[in-house]
Amino acid sequence: MQVNKPQNNAAQKNNGMGAALGNACSDRQGTLPECAPLAVPYVPFQQKGPAKYNQMEGLATGTLFPGLNLPFFKAVEPGKLTNTALTELMALGFAIQELGLYLDTHQNDSEALELFTKYVELEREGRKKYIAMYGPLSMADAAGQSTYTWVNNPWPWDKERK
Amino acid sequence: MSDSMFRYEKKLQYPINIKNSNPQLASFIISQYGGPDGELSASLHYLSQRYSMPYPELKALLTDIGTEESVPVGYHLSI
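For every chain, the first residue of the written sequence is number 1, and numbering continues from 1 onward in sequence order. Chain letters and ligand numbers both follow the written order, the letters beginning at A and the numbers at 1. Local features in a predicted model are, by the rule used here, given only for residues with pLDDT of at least 70; side-chain atom pairs are given and counted only at 80 or more, and totals for whole chains, interfaces and linings are based on all residues.

(A) Representation of the overall build of chain B in the model. Along the backbone of chain B there are four helices and zero strands. Counted from the first residue to the last, chain B has its helices and strands arranged as α-α-α-α. Using C-beta atoms placed from the backbone, we call a residue buried if 20 or more other C-beta atoms fall within 10 Å of its own, exposed if 12 or fewer do, and partly exposed for counts in between. Each of the 79 residues in chain B was classed as buried or not, and the buried ones make up 4%. Secondary structure is summarised from DSSP: a helix means a run of H or I of at least four residues, a strand means a run of E of at least two, and numbering begins at the N terminus for each.

(B) Region of interest: the overall build of chain A. Secondary structure assignment for chain A yields four helices and zero strands. The secondary structure elements of chain A, listed N-terminal to C-terminal, are α-α-α-α. Across chain A, the fraction of contacts at a sequence separation of at least 24, relative to all contacts at a separation of at least 6, is 53%. Two residues qualify as being in contact provided that their C-beta atoms, derived from the backbone, are within 7 Å of each other.

(C) Focus on the packing of helix α3 (residues 85-105) of chain A against helix α4 (residues 110-134) of chain A. All names here are of chain A. Angles run from 0 to 180 degrees between N-to-C directions of axes, and those axes are lines fitted to C-alpha atoms, restricted for helices to the stretch in contact. Where α3 meets α4, the closest approach of the two axes is 9 Å, and the angle between their N-to-C directions is 150°. Judged on the interaxial angle alone, α4 and α3 are roughly antiparallel. For the crossing formed where α3 meets α4, the hand is left-handed. In terms of residue class, the contact of α3 with α4 is made up of 18 nonpolar, three polar and four charged. The cut-offs work like this: below 35 degrees is roughly parallel, past 145 is roughly antiparallel, 65 to 115 is roughly perpendicular, and the gaps in between are oblique. Two helices cross in a left-handed way if the nearer one is turned anticlockwise from the farther one by less than a right angle. They cross in a right-handed way if the turn is clockwise. Following the grouping adopted for this structure description, the nonpolar residues are Ala, Val, Leu, Ile, Met, Phe, Trp, Tyr, Cys and Pro, the charged ones are Asp, Glu, Lys and Arg, and the polar ones are all others, Gly among them.

(D) Examining the interface of chain B and chain A more closely. The interface is formed by 15 residues belonging to chain B together with 19 residues belonging to chain A. The element that contributes the greatest number of residues to the side of chain B that touches chain A is helix α3 (residues 56-69) of chain B, accounting for five residues. Residues belonging to the side of chain B that touches chain A are distributed by class as follows: five nonpolar, three polar and seven charged.

(E) Structural view of the environment of Phe116 of chain A. Residue and element names in this part refer to chain A. Within the secondary structure layout, Phe116 lies in helix α4. Each C-alpha atom of the pair Phe116 and Leu103 lies 8.9 Å from the other, and the pair is 13 residues apart in sequence. Beyond its immediate stretch of four places on either side in the chain, Phe116 contacts Ile96, Leu99, Gly100 and Leu103.

(F) Examining the nonpolar core more closely. Residues and elements named next belong to chain A. Counting residues in hydrophobic clusters, the biggest one holds 18 residues, and the most contacted among them are Ala91, Leu92, Ala95 and Leu99. Within the residue set of this core, elements represented by two or more residues are α2 (55-61), α3 and α4. Of the residues forming this core, the biggest block, nine residues, is contributed by α3. With residues up to four places along the chain from it excluded, the contact list for Ala95 reads Gln55, Gly58, Leu64 and Tyr119. By definition, a nonpolar core groups buried Ala, Val, Leu, Ile, Met, Phe, Trp, Tyr and Cys residues that are joined through C-beta atoms within 7 Å.

(G) Examining unusual backbone geometry more closely. Residues and elements named next belong to chain A. For the peptide bond that leads from Asn153 to Pro154, omega is 0°, which places it in the cis range. A positive phi angle, close to 65°, is found at Ala39, a residue other than glycine. Positionally, Ala39 belongs in the loop between α1 (10-13) and α2.

(H) Looking closely at the packing of α3 of chain A against α3 of chain B. Closest axis-to-axis distance for the α3 of chain A/α3 of chain B pair is 8 Å, and the angle between their directions is 155°. Comparing their axes, α3 of chain B and α3 of chain A come out roughly antiparallel. Handedness of the α3 of chain A/α3 of chain B crossing: left-handed. Where α3 of chain A approaches α3 of chain B, its residues Gln97, Gly100, Leu101, Asp104 and Thr105 of chain A are matched on the opposing element by Glu57, Ala60, Leu61, Asp64 and Glu68 of chain B. Residue classes in the contact of α3 of chain A with α3 of chain B are distributed as three nonpolar, three polar and four charged.

In structure tokens:
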């Protein structure tokens, strides 16, 4: 089995804030409550300040967190996505989604909240540029044009013309 | 559900490129989505369970996961 090696990225440079925050377990491990109700199974809690991939690697890997990149299946080499305005927007959207879910249960992780804010700002900028070039992403984006461009092809299921 | 709102975005979460159509595989995949124990039913479970959830962070989590589970509609319907 192939061992997961995050490539060259944030994951290794930023081995998370974990150690600095005095986490008891490694980044691939979580914590359990010391005392817990009987007969209730627990899933280990992800600790504060986990290592993170950058957004493109996150999208290609299927998780933003190296600690949650579990090789249940044959590892697909990440980084095979073509860099386009759309994939960049997808990657930012995915990173926001991942951080949002993490923050639901780690409300006081200020580092993650900062990163979340940064990605949201980048996504807003990217979205504006994308819309200007390719048309509306949401119905409301079609406002202010001379024709109603929301109905225009292509839709996501239309095959790209090469 | 009056307080849920479906808002469509004209893009996918992850790029796909189907090279060959495969109706048999499509039928398996669509039952993973809409069939028994599929994502659609999980989505509705989470979105109903959140009403009796007392903890705010878990109300948020159930809302967000329930929303996320409904995302594959964009993929399955494009097969």
